Amino acid sequence: MIDFQIKICGVRSEADVHACESAGADCVGLNFYPQSIRYLAPHSAITKSINEAAKDAKIARVGLFVNEPVAAIRRVQDALQLDAVQLHGDETPAAARQLIDAGVAIIRAIRLSTMPQSPEQIQNAILPWADLPVTLLLDADAGVKFGGGGKQLDWPSIAAWNLDFPRLPGQPDWILAGGLHCDNVADAIRTSGTKRVDVASGVESPKGTKSAELIQKFVAECRQRGVDAER
């Protein structure tokens, strides 16, 4: 399992990594989904340089995949020695189990409706993964785009789920994603009760291009809300 508090997903340059380091973010996401505006070719020189920059900065590195074969994910993992793999598509628990058995830490994106939901509805979406040692990332369902679209979850629904279905001892805290940005992340943390957050489009200007200023502001808002107060 992987432990971090603030993940900046979709970095595309060493400068992005340095901005994350300067701001105090402790995790970056490398997006290996070809249809994403934030796509990085997994075996390219730029990906290698970004990965090495993050490793040197002691920032956790997560590779995001959407519906890739397990063998392809393993090849990227072996080449980059990522800290975790994020499964963000329609991957099965069986595929995740193969990766876990190979020693790969897994973040599983649970794509939820942006409409209010009952705790039971949210838990039902999670149930197929409940017996696996995966870290849950709650994200807004963006349809065929598979995330990164700036859609926001219903945070009171998440809070009610967290109250009714608390994590068991030894299980990692879940991660909140979906439409977070500098102006709403403090409210998101306060309302949902999350201790871990993930942002992509919310720290970009224009879309697809990370802003060092927005990364700095986002992390500062998280720290002021005490996103890692219990760590």
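Being a predicted model, the structure only gives us computed values, none of them experimental.

All right, on to the environment of Ile-215 then. Structurally, Ile-215 can be placed in helix α8 (residues 212-224). With a relative accessible area of 0%, Ile-215 lands in the buried category. Remark: the alpha-carbon pair of Ile-215 and Cys-20, spanning 195 residues in sequence, is separated by 6.6 Å. If near-sequence neighbours (up to four positions away) are discounted, Ile-215 is found in contact with Ile-8, Ala-19, Cys-20, Ala-23, Val-203 and Lys-210.

For any pair of aromatic rings, the description consists of the separation of the ring centres together with the inter-plane angle of the planes. What the rule picks out here adds up to two aromatic pairs. Ring geometry for Phe-32 versus Phe-65: centroids 5.2 Å apart, planes at 50 degrees, classification tilted. Taken together, the residues Phe-32 in the loop between β2 (27-31) and α2 (45-56) and Phe-65 in strand β3 (residues 60-65) connect sequence positions 33 residues apart. Geometrically, the ring pair formed by Trp-161 and Trp-174 is edge-to-face, given 5.5 Å between the ring centres and 70 degrees between the ring planes. Of the two residues, Trp-161 is situated in helix α6 (residues 155-164) and Trp-174 in the loop between α6 and β7 (175-176); the sequence distance between them amounts to 13 residues. Pair check on accessibility: Trp-161 and Trp-174 agree, each one buried. Lying across the ring of Phe-4, Arg-196 places its NZ or CZ 4.6 Å from the centre.

Once that is clear, we can look at helix α3 (residues 70-80). Taken together, the buried positions of α3 are occupied by Val-70, Ala-72, Ile-73, Val-76, Gln-77 and Leu-80. Burial along α3 is one-sided: seen end-on, the buried residues are contained in an arc of 165 degrees. Where the residues of α3 are buried, they touch α2, β3, β4 (84-87) and α4 (93-101). Directly after α3, the chain includes Gln-81, whose backbone phi takes a positive value near 55 degrees.

Let us now look at the nonpolar core. One recurring pattern in soluble globular proteins is that nonpolar side chains are buried together. If you look at the biggest cluster of nonpolar residues, it comprises 59 residues, and the most contacted ones within it are Ile-8, Leu-138 and Phe-218. Contact partners of Ile-8, with chain neighbours within four places excluded, come to Cys-20, Ala-25, Cys-27, Val-28, Gly-29, Val-199, Val-203, Lys-210, Ile-215 and Phe-218. Grouped together as the second largest cluster of nonpolar side chains are 12 residues, Ile-2, Cys-27, Ala-84 and Ile-107 included.

All right, on to the pairing of strand β6 (residues 135-140) then. Among the six residues in β6, six count as buried, and that is most of the element. Burial along β6 is two-sided: the residues Thr-135, Leu-137 and Asp-139 and Leu-136, Leu-138 and Ala-140 are all buried. Here strand β5 (residues 106-112) pairs with β6 via six bridges, running parallel. Each residue of the ladder has a partner; that of Ala-109, found in β6, is Leu-137. Remark: the β5/helix α5 (residues 119-126)/β6 crossover connection has right-handed handedness. As defined by bridge partners, β6 adjoins β7 across two bridges and the pair is classed as parallel. Among the inter-strand pairings, Leu-138 is bridged to a residue of β7, identified as Leu-176.

On to the packing of α6 against helix α7 (residues 185-192). Helix-helix packing is described using two parameters, namely the angle between the two axes and the distance between the axes. Where α6 meets α7, the axes come as close as 8 Å, and the angle between the chain directions of the two elements is 35 degrees. In this structure, α6 uses Trp-155, Pro-156, Ile-158, Ala-159 and Asn-162 to contact α7, whose residues at the interface are Asp-187, Ala-188, Thr-191 and Ser-192. In terms of residue class, the contact of α6 with α7 is made up of five nonpolar, three polar and one charged.

Interaxial distance between α7 and α8 falls to 8 Å at its minimum, and their mutual angle equals 30 degrees. As far as their axial angle goes, α8 and α7 are roughly parallel. When you trace α7 past α8, the crossing you get is right-handed. From α7, Val-185, Ala-186 and Ile-189 reach across to α8, where they touch Phe-218, Glu-221 and Cys-222. Here the residues of the contact of α7 with α8 are counted per class, giving five nonpolar, no polar and one charged.

In the case of a regular strand, side chains alternate between the two sheet surfaces. Residues Ala-84 and Gln-86 of β4 are buried on one face, and the alternating residues Val-85 and Leu-87, pointing to the opposite face, are buried as well. Bridge count for β3 against β4 is four bridges, and the pairing is parallel. From the neighbouring strand, Leu-64 faces β4, where its bridge partner is Gln-86. For the crossover that starts at β3, traverses α3 and ends in the parallel β4, the hand is right-handed. The pairing of β4 with β5 spans three bridges and is parallel. Directly across from Val-85, in β5, lies its bridge partner Ile-106. In the classification by handedness, the crossover that spans β4, the intervening α4 and the parallel β5 is right-handed.

Rules used throughout
Residues numbered from 1 in each chain as written. Predicted model: local features only at pLDDT ≥ 70, side-chain atom pairs only at ≥ 80, totals over all residues. Heavy atoms only, no water. Helix = DSSP H or I, 4+ residues; strand = E, 2+ residues; numbered from the N terminus. Buried < 20%, exposed > 50% of the residue type's maximum accessible area, 1.4 Å probe, protein only. Contact = heavy atoms within 4.5 Å. Phe/Tyr/Trp six-rings, centres within 6.5 Å; stacked < 30°, edge-to-face > 60°. Lys NZ or Arg CZ within 6 Å of the ring centre and 35° of its normal. Arc of directions from axis to C-beta. Core = buried A, V, L, I, M, F, W, Y, C linked by side-chain atoms within 4.5 Å. Pairing = 2+ DSSP bridges. Right-handed = clockwise from strand over helix to strand, strands pointing away. Axes fitted to C-alpha atoms, helices over the stretch in contact; angles between N-to-C directions. Nonpolar A, V, L, I, M, F, W, Y, C, P; charged D, E, K, R; others polar. Parallel < 35°, antiparallel > 145°, perpendicular 65-115°, else oblique. Left-handed = near helix turned anticlockwise from the far one by under 90°.

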